[in-house]
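Coordinate inspection notes
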Amino acid sequence: MTPQSLDALYRAVHDLLLCSEIAECDLHLTGPDRRILRFVGEPVRLAAGPVWALRAVFHDVTGDRRSRALAERATREAQAQRERADTVAEVAERLRDAVLPRFPGELAEHGIEAAAVYRPEEHTARVGGDWYKTRVLPSGKVLIALGDARGHGLDAVTLMAKLRYALTGLAYTGEWVERLTTWLNTVACDDGEESTATAVIARYHPEAGLLRWTCAGHPLPILVRDKRAFLLGPPPGGPGLPLGVMPDETYAAAETWLRPQDVVLLYSDGLVERRDSDPDLDTARLLRAVEQCAARGVPPGEEALGAFVRELVGLLTGPHTEDDATVLALRMKCGARVTR
């Protein structure tokens with residue numbers, strides 16, 4: 001018996017001899033199996049006389065105590081994990097809020113209205129890697145991008161921030177979007193094997209109403225025109241690989257000629273994809289939802305455009321989402337004089 005248990009037994013016997021009604025304690029044995037016995041004793045006394053005997057029961061409670069100890073340890077570990085997860089989630093969310101863009105005022109000067117909605121995964125309240133970017137470049141052209149970094153939490157937010165800021169800097173070189181996407185792929189590859197992301201990267205030419213865009217393993221954009229929704233065809237050769245998969249991947253650009261009041265939708269796969277679902281059915285459902293929300297038309301103004309996007313996200317995701325869902329909508333208030 002351990003010294004601590006022997007002391008506890010002596011105290012229990014002492015209490016019983018001093019007329020305590022009952023005394024109990026756990027006794028830890030020192031044998032190879034380290035059994036635990038529960039001691040419960042009571043005094044036996046003559047009427048109005050002193051204690052002349054003790055009655056005691058020893059019960060083996062080893063399994064119960066060990067199960068209880070394991071449960072308490074699991075509870076403590078779960079609580080610690082929840083606290084760590086809450087801390088990481090809070091840091092990731094604040095970092096995300098810090099790096100998510102506010103639409104620059106000069107977009108309107110270049111004939112563009114913009115609105116975005118981000119809805120995080122609600123089952124686990126984890127912050128994901130969805131990101132978007134709009135920026136008027138010194139040339140007067142407009143950088144537009146939306147991507148989805150792999151995973152959740154700080155790792156995803158960190159990769160998202162790296163790609164977003166890297167793209168912003170690279171875009172100032174004035175290179176074509178094909179080259180920008182190739183360079184961004186190199187950035188993702190250099191970040192590590194797990195640093196993969198999908199993205200659509202575009203540059204809008206306001207003077208011509210031309211949108212040139214690449215696709216790195218990302219869902220294809222949608223064009224909303226005259227209350228109808230169209231899935232844009234992929235770049236020549238099809239969508240490229242996601243960023244960070246192959247260091248030597250090259251990307252081609254598609255060209256989309258836009259008319260005034262056209263709306264272009266970029267979105268993450270969490271908006272429409274569901275577990276064990278068919279991608280073609282998901283796309284068809286998305287197009288139907290867009291047309292349903294656009295059936296009454298989308299009035300001018302960024303507030304109306306934002307209401308359109310919020311209605312679309314609410315219709316497709318419902319009260320809960322299985323993944324992060326992000327939609328970036330851009331309406332072209334001016335476009336090419338000659339459509340092609």
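Values in this document were obtained by computation on a predicted structure and should not be read as measured data.

Here the structure, examined in full by the defined rule, presents one aromatic pair. Aromatic pair Phe 39 and Phe 58: ring centres 5.2 Å apart, planes at 50 degrees, arrangement tilted. Placement of Phe 39 in strand 2 (residues 36-45) and of Phe 58 in strand 3 (residues 51-60) is noted, with a sequence separation of 19 residues between them. The partly exposed category is assigned to Phe 58, whose relative accessible area is 48%. The ring of Tyr 165 is capped by Arg 164, whose NZ or CZ atom sits 5.2 Å from the centre of that ring.

Phi is positive for Lys 227, close to 65 degrees, though the residue is something other than glycine. Note that Lys 227 resides in the loop between strand 9 (222-225) and strand 10 (228-231).

When the charged atoms of two side chains lie near each other, side chains of opposite charge can form a pair. Here the structure, examined in full by the defined rule, presents 16 salt bridges. Of the charged contacts in the structure, one is a salt bridge between Arg 38 and Glu 24, with a shortest N-O distance of 2.8 Å. Residue Arg 38 is found in strand 2, and its partner Glu 24 is found in strand 1 (residues 23-28); the two are separated by 14 residues along the sequence. The class of Glu 24 is partly exposed, set by a relative accessible area of 45%. What you see here is one network of salt bridges that share partners, running through Glu 24, Asp 26, Arg 38, Asp 64, Arg 65 and Arg 68.

What counts as what
- Residues numbered from 1 in each chain as written.
- Predicted model: local features only at pLDDT ≥ 70, side-chain atom pairs only at ≥ 80, totals over all residues.
- Heavy atoms only, no water.
- Phe/Tyr/Trp six-rings, centres within 6.5 Å; stacked < 30°, edge-to-face > 60°.
- Helix = DSSP H or I, 4+ residues; strand = E, 2+ residues; numbered from the N terminus.
- Buried < 20%, exposed > 50% of the residue type's maximum accessible area, 1.4 Å probe, protein only.
- Lys NZ or Arg CZ within 6 Å of the ring centre and 35° of its normal.
- Salt bridge = Lys/Arg side-chain N within 4 Å of Asp/Glu carboxyl O.

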